[in-house]
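Architecture at a glance
Each chain is listed here by its residues.
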Amino acid sequence: MAIENEQYDLIMMDTMERTEKTVSVLKSDYAVIRAGRANPHILDKVLVDYYGTPSPINQVGNISVSDARCLVIAPWDVNMLKVIEKQLLVENLGITPTNDGKVIRLVFPQLTEERRKELVKQVKKMAEDAKVAVRNIRRDAMDALKKMKNNKELSEDDHATCEKEVEKVISKTIEQVEALCVEKEKDVLSV
């Protein structure tokens, strides 16, 4: 049942945008977690000083996956090799870069069982943080709807319908978060 109310539409749009953003942030956070395989996304948040400008590594050279456990960074400017290598060491990714004068190689070590369990805990914590964010979004939307009802901008029936719609969006988002968590856990635990 569609409710003709501009404020309600704004509340729903805001709720949907914020929940989508929460899922998007969780996906990008999960992309950074390494699961024993070479993953170029681990370098997404690493910025190097490119002639006075902080730049992501993928904007100063090519990043390629040479095999299942090795990333190769080939900067367009050979002078950047030392800068990139130094920044990778500062970032403390848990991987030591090797510089052969032309490219930098990042060899991902095989994860131990203990490290995998730590990563699973980290994955679950990220999912729980995302769920808390989603619940906060629900609270904000419900407060806004309640305010509209109290101001007589929504009838009792419309208010109940609106709350159900918000609940549907929130439930769907929490299911997405849980599915992403289970998928990432499987990824981390697979050898």
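This section reports on the structure supplied with the text. Source: prediction; values computed, not measured.

Overview of the packing of helix H1 (residues 6–32) against helix H4 (residues 156–189)
Put simply, H1 and H4 touch, their axes get as near as 11 Å, and they point 5° apart. Considering their axes alone, H1 and H4 lie roughly parallel with respect to each other. Within the contact between the two elements, H1 uses Tyr-8, Met-12, Thr-15, Met-16, Thr-19, Val-23, Leu-26, Lys-27 and Tyr-30 and H4 uses Cys-162, Glu-165, Val-166, Val-169, Ile-170, Thr-173, Gln-176, Val-177, Leu-180, Cys-181 and Lys-184. When grouped by side-chain class, the residues that make up the contact of H1 with H4 number 13 nonpolar, four polar and three charged.

A closer look at unusual backbone geometry
Positive phi, close to 50°, is recorded for Tyr-51, a residue that is not glycine. The residue Tyr-51 is located in the loop between strand E1 (47–50) and strand E2 (53–56) in this model. Looking at Tyr-51, the relative accessible area reads 57%, which means it is exposed. A positive phi angle, near 65°, is found at Lys-152, a position not held by glycine.

Remarks on the nonpolar core
Grouped together as the largest cluster of nonpolar side chains are 18 residues, with contacts concentrated most on Leu-43, Ile-57, Ile-73, Ile-84, Leu-88 and Leu-106. Secondary structure elements with two or more residues in this core: strand E4 (70–75), helix H2 (80–91) and strand E6 (104–107). Filtering out sequence-adjacent residues up to four positions away, Ile-84 remains in contact with Val-48, Ile-57, Val-60, Ile-73, Pro-75 and Ile-104.

Some words on the sheet that holds E4
Spatial ordering of the open sheet is given by E3-E4-E6-E5, a layout of four strands whose pairing is antiparallel. Two strands lie at the open edges of the sheet, namely strand E3 (61–67) and strand E5 (97–99), each paired on one side alone. This sheet shows a mean twist of 25° between the axes of neighbouring strands, independent of strand direction. As paired elements, E5 and E6 share three bridges and run antiparallel to each other. Residue pairing across strands places Pro-97 opposite Leu-106, the latter belonging to E6. Against the sheet, H2 contacts E4, E5 and E6, and its axis sits at roughly 165° relative to E5.

Side note on the packing of aromatic side chains
Applying the stated criterion across every chain, the model contains one aromatic pair. Centre to centre, the rings of Tyr-50 and Tyr-51 are 5.0 Å apart; their planes meet at 65°, and the pair counts as edge-to-face. Accessibility expressed as a relative area gives 28% for Tyr-50, which makes it partly exposed.

How each quantity is defined
Residues numbered from 1 in each chain as written. Predicted model: local features only at pLDDT ≥ 70, side-chain atom pairs only at ≥ 80, totals over all residues. Heavy atoms only, no water. Axes fitted to C-alpha atoms, helices over the stretch in contact; angles between N-to-C directions. Helix = DSSP H or I, 4+ residues; strand = E, 2+ residues; numbered from the N terminus. Parallel < 35°, antiparallel > 145°, perpendicular 65-115°, else oblique. Contact = heavy atoms within 4.5 Å. Nonpolar A, V, L, I, M, F, W, Y, C, P; charged D, E, K, R; others polar. Buried < 20%, exposed > 50% of the residue type's maximum accessible area, 1.4 Å probe, protein only. Core = buried A, V, L, I, M, F, W, Y, C linked by side-chain atoms within 4.5 Å. Pairing = 2+ DSSP bridges. Phe/Tyr/Trp six-rings, centres within 6.5 Å; stacked < 30°, edge-to-face > 60°.

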